[in-house]
Amino acid sequence: MTVNAIKSLDEFHAAINKSTVTVFDFWATWCGPCRVISPIFEKLSTLHPEIEFFKVDVDEQPEVSEEVGVRAMPTFIAFKDGQKLADVVGANPGALEALIKNSATA
């Protein structure tokens, strides 16, 4: 599975309203912890083909990050059917993996 970049608020809304689980990585190019955990996020996307994975650059898509209330990077949020399932704030590989595993069964 690949990780797709969100390029607009409309694209974000279309993604979160899917009946499948979607997981988003809210990140910034200047964020060191974001760069550290990004390869882990990419690897997890290959291990969970039943989930769709997306990245949102908070500097390029501020309206998306504002809508969901992102205050720190990285922030990972899982959605299904337009509803937020769970989130993880910070570069915590164990917590990220747990979020993905728990969301996969939602």
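Further up the page is the structure itself.
To start, this report covers the structure provided alongside it. None of these values were measured; they are calculated from a predicted model.

Taking burial as the measure, the six residues of strand β2 (residues 22-27) include five buried ones, the bulk of the element. Taken together, β2, helix α2 (residues 32-47) and strand β3 (residues 52-57) constitute a β-α-β crossover, and its handedness is right-handed. Note that β2 and strand β4 (residues 75-80) share five bridges and pair antiparallel. From the neighbouring strand, phenylalanine 26 faces β4, where its bridge partner is threonine 75.

Take the packing of aromatic side chains next. To describe a pair of aromatic rings, you give the distance between the ring centres and the angle between the ring planes. For the structure on display, the rule yields eight aromatic pairs. For the pair phenylalanine 12 and phenylalanine 24, a centre-to-centre distance of 5.1 Å together with 65° between the ring planes defines the contact as edge-to-face. Separated by 12 residues along the polypeptide, phenylalanine 12 in helix α1 (residues 9-16) and phenylalanine 24 in strand β2 bring together distant segments of the chain. Plain terms: the ring middles of phenylalanine 41 and phenylalanine 53 are 5.3 Å apart, the flat faces sit at 75° to each other, and that makes the pair edge-to-face.

Attention now moves to the sheet that holds β3. Read from one edge of the open sheet, five strands run β1-β3-β2-β4-β5, paired in mixed fashion. Each edge of the open sheet carries a strand with a single partner, namely β1 (3-5) and β5 (83-89). Strand-to-strand twist in this sheet, taken as the mean axis angle between neighbours without regard to direction, amounts to 25°. Summarising the sheet, β2 and β3 pair through six bridges and their orientation is parallel.

Let us now look at the state of the cysteines. Within the structure shown, the criterion is met by one disulfide. The residue that forms a disulfide with cysteine 31 is cysteine 34, at a sulfur-sulfur distance of 2.3 Å. Sign of the S-S torsion, about 80° for the bond between cysteine 31 and cysteine 34, identifies this disulfide as right-handed. For cysteine 31, a relative accessible area of 4% translates into the label buried.

A complete count under the given rule lists four salt bridges for this structure. Close ionic contact of glutamate 52 with lysine 18 constitutes a salt bridge, the shortest N to O distance being 2.9 Å. On the criterion of sequence distance, the pair formed by glutamate 52 in strand β3 and lysine 18 in the loop between α1 and β2 is long-range, its members being 34 residues apart. The class for lysine 18 is partly exposed, based on a relative accessible area of 30%. A salt bridge links lysine 55 to aspartate 25; the shortest N-O distance between them is 2.8 Å. Note that lysine 55 is positioned in strand β3 and aspartate 25 in strand β2, a separation of 30 residues in sequence. Note on accessibility: lysine 55 and aspartate 25 belong to one class, buried.

Analysis parameters
In this convention, every chain numbers its residues from 1, walking through the sequence in written order. Per-residue local features of the predicted model are confined to residues with pLDDT of at least 70, and side-chain atom pairs are confined, for both listing and counting, to 80 or more; whole-chain, interface and lining totals are unaffected and use all residues. For the side-chain quantities, the full set of heavy atoms in the structure was used; hydrogens and water were omitted. Type-normalised accessible area, obtained with a 1.4 Å probe on protein chains alone, sets the label of each residue: buried when under 20%, exposed when over 50%, and partly exposed for intermediate values. Think of it this way: any DSSP run of H or I at least four residues long counts as a helix, any run of E at least two long counts as a strand, and we number them from the N terminus. With the strands aimed away from the viewer, a crossover counts as right-handed if its path from the first strand over the helix to the second runs clockwise. A pair of strands counts as paired when DSSP detects no fewer than two bridges linking them. By convention, a stacked pair of Phe, Tyr or Trp rings (six-membered ring in the case of Trp) has centres within 6.5 Å and planes under 30 degrees apart, an edge-to-face pair has planes over 60 apart, and any other such pair is tilted. In this analysis an axis means a line fitted to C-alpha atoms, helices contributing only their contacting stretch, and an angle means the value between N-to-C directions, from 0 to 180 degrees. Only a pair of cysteine sulfur atoms within 2.5 Å counts as a disulfide in this structure description. The rule for a salt bridge is simple: a side-chain nitrogen of Lys or Arg has to be within 4 Å of a carboxyl oxygen of Asp or Glu.

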